[in-house]
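Chain by chain, the residues run as shown.
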Amino acid sequence: MAVQRTFSILKPDATRRNLTGAVNAVIEKAGLRIVAQKRIQMSKAQAETFYAVHSARPFFGELVEFMISAPVVVQVLEGENAIATYRDVMGATNPANAAEGTIRKLFAQSVGENTVHGSDAPETAAIEIAQFFAGNEIVG
């Protein structure tokens with residue numbers, strides 16, 4: 001397997017509850033390295049661009065409002081098969097269906113406040129990383 005990078009967001013429900021360190025510990029325990037990380041206040045335009053794939057869905061406006069409601073932590077993670085590894089570590093979108101020990105089982109409050117986002121494919125990861133990080137901000 002090749003080393004790859006993926007994108008992660010620790011969402012407002014995580015930052016409001018001071019869970020950044022706890023979530024990072026789960027990420028690192030899974031063998032992923034955090035090679036870039038910053039806490040930002042996402043703008044409405046950033047959130048709308050990031051979630052544009054969902055723009056026609058009924059929850060789009062609520063999702064955008066949630067993502068701008070408090071700071072988020074954006075990250076670049078690196079490791080063997082990083083995209084699939086992180087998706088496994090995140091757990092199911094609905095925390096009630098998430099496996100024990102996953103981020104969402106441990107920390108998520110609901111389907112909407114599910115603590116983290118992770119890229120779903122290499123192409124998506126590249127686009128998402130580029131939206132929030134310049135190349136010189138990623139130090140691996």
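Counting of residues starts from 1 at the beginning of each chain's written sequence and follows it residue by residue. Thresholds applied to this predicted model are a pLDDT of at least 70 for local features of residues and 80 or more for the giving and counting of side-chain atom pairs; totals over whole chains, interfaces and linings are not thresholded and use all residues. The side-chain numbers reported here are obtained from all heavy atoms of the structure, hydrogens and water having been left aside.

- By the naming in an unreviewed UniProt entry, the protein chain is Nucleoside diphosphate kinase, taken from Bosea vaviloviae.
- UniProt positions are given in the numbering used here, feature names are shortened, and annotations may be inferred rather than shown by experiment. The UniProt entry for the protein chain carries the following text under Sequence similarities (unreviewed entry): "Belongs to the NDK family."

**Topic: the UniProt feature "active site" (unreviewed entry) in the protein chain**
Thinking step 1. Within the UniProt annotation, "active site" (unreviewed entry) is assigned to His117.
Thinking step 2. Inspection of the secondary structure assignment puts histidine 117 in strand 4 (residues 116-118).
Thinking step 3. Not counting the four nearest positions on each side in its chain, histidine 117 is found in contact with Phe7, Ser8, Ile9, Lys11, Phe50, Tyr51, Tyr86, Met90, Arg104 and Glu128. Counting from the N terminus, the helices are the DSSP runs of H or I reaching at least four residues and the strands are the DSSP runs of E reaching at least two. Residues are treated as being in contact if the distance between any of their heavy atoms lies within 4.5 Å.

**Description of the sheet that holds strand 3 (residues 72-80)**
Thinking step 1. A pair of strands is treated as paired once DSSP finds two or more bridges between them. Ordered in space as 2-3-1-4, the 4 strands form an open sheet in which the pairing is antiparallel. Each edge of the open sheet is held by one strand with a lone partner, namely strand 2 (33-40) and strand 4. On average, adjacent strands in this sheet sit at an angle of 20° to one another, irrespective of strand direction.
Thinking step 2. With 8 bridges connecting them, strand 1 (residues 3-10) and strand 3 associate as antiparallel partners. Counted as the bridge partner of phenylalanine 7 is valine 76 from strand 3.
Thinking step 3. Convention adopted: a line fitted to C-alpha atoms gives each axis, helices being fitted over their contacting stretch, and angles between N-to-C directions are expressed from 0 to 180 degrees. The strands touched by helix 7 (residues 122-132) within the sheet are strand 1, strand 2, strand 3 and strand 4, with strand 1 carrying the most contacts at an inclination of about 55°.

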